[in-house]
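Given next are the chains, with one letter for each unit.
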Amino acid sequence: MIIACDIDGCLANFNEGYRSLFSGQDFPPPSVDFPPVWHWPQHYGASAKEVNTAWRVIRQSATFWENLSPLPSAKEAIFHLNNARMDGHEIYFLTTRGGVDCKGQTWRWLKQHGFNDPTVLISASTPQAKGYVC
């Protein structure tokens, strides 16, 4: 079997890292219900300029993707993905991340969190791109 696993929101806590880039914003604390919408910074009053600045920081950072916190379920999920690979299944990590060495940062993040020698695929950021890859 071929298994493709997303990273952000599945294993890595993107919203926490992204949230940290908005200084001075009064976003609600992370919870099960956060974020309530896809474009949550704008929903809570962040300007287009602030959002663009945050994405510029992400694209220019050599460590943003690598330093994201794991989600609480990541350790168990990675354990099961490792077992699936040992059982002969092909495991791919599929993401739309961009920026400086995003593939390498993702590879190192996965390795740091217990997945040995991961295969990372970067897809376009169009809405259907990941589906086409799958």
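In the block above lies the structure referred to throughout.
Our subject in this report is the structure included herewith. (Residues numbered from 1 in each chain as written. Predicted model: local features only at pLDDT ≥ 70, side-chain atom pairs only at ≥ 80, totals over all residues. Heavy atoms only, no water.)

### Observations regarding the pattern of salt bridges
Taken as a whole, this structure holds four salt bridges when the rule is applied. With its nearest N and O atoms 2.7 Å apart, the salt bridge here joins R97 to D8. One end of the pair, R97, is in the loop between β2 (90-95) and α5 (102-112); the other, D8, is in the loop between β1 (2-6) and α1 (14-19), and 89 residues separate them in sequence. Residue classification places R97 among the buried positions, given a relative accessible area of 3%. R108 is the partner of E66 in a salt bridge, and the nearest nitrogen-oxygen pair spans 2.9 Å. Placement of the pair is E66 in the loop between α3 (48-60) and α4 (74-86) and R108 in helix α5, with a sequence separation of 42 residues. The exposure class of E66 is buried, given its relative accessible area of 18%. With relative accessibility at 31%, the residue R108 sits in the partly exposed group. Several salt bridges converge on common partners, so that one network encompasses E66, D101 and R108. (Salt bridge = Lys/Arg side-chain N within 4 Å of Asp/Glu carboxyl O. Helix = DSSP H or I, 4+ residues; strand = E, 2+ residues; numbered from the N terminus. Buried < 20%, exposed > 50% of the residue type's maximum accessible area, 1.4 Å probe, protein only.)

### Topic: the packing of aromatic side chains
For the structure on display, the rule yields 13 aromatic pairs. Relative to F64, the ring of F14 has its centre 6.2 Å away and its plane inclined at 80°; by these criteria the two rings are edge-to-face. Taken together, the positions of F14 in helix α1 and F64 in the loop between α3 and α4 put the pair 50 residues apart, joining distant regions of the chain. Note on accessibility: F14 and F64 belong to one class, buried. Centroid distance Y18 to W55: 5.4 Å. Interplanar angle 45°. Geometry classified as tilted. (Phe/Tyr/Trp six-rings, centres within 6.5 Å; stacked < 30°, edge-to-face > 60°.)

### Overview of the side chain of S123
With respect to the helices and strands, S123 occurs in the loop between β3 (120-122) and α6 (129-133). With near-sequence residues (within four places) excluded, S123 lies in contact with L94, T95, T96, A129, K130 and V133. (Contact = heavy atoms within 4.5 Å.)

### Observations concerning the sheet that holds β3
Ordered in space as β1-β2-β3, the three strands form an open sheet in which the pairing is parallel. Single-partner strands in this sheet number two, and they are β1 and β3. Adjacent strand axes in the sheet meet at a mean angle of 35° when their direction is disregarded. Sheet topology note: the β1/β2 ladder contains five bridges and is parallel. Bridge assignment links D6 to a residue of β2, and that residue is L94. (Pairing = 2+ DSSP bridges. Axes fitted to C-alpha atoms, helices over the stretch in contact; angles between N-to-C directions.)

### Some remarks on the environment of S69
Checked against the element boundaries, S69 lands in the loop between α3 and α4. Residue classification places S69 among the partly exposed positions, given a relative accessible area of 29%. Residue contacts for S69: discarding those within four places in its chain leaves L11, A12, N13, E16 and W109. A distance of 2.7 Å separates the side chain of S69 from the side chain of E16, its partner in a polar contact. (Polar contact = N/O pair within 3.5 Å; in protein donor to acceptor, adjacent residues only side chain to side chain.)

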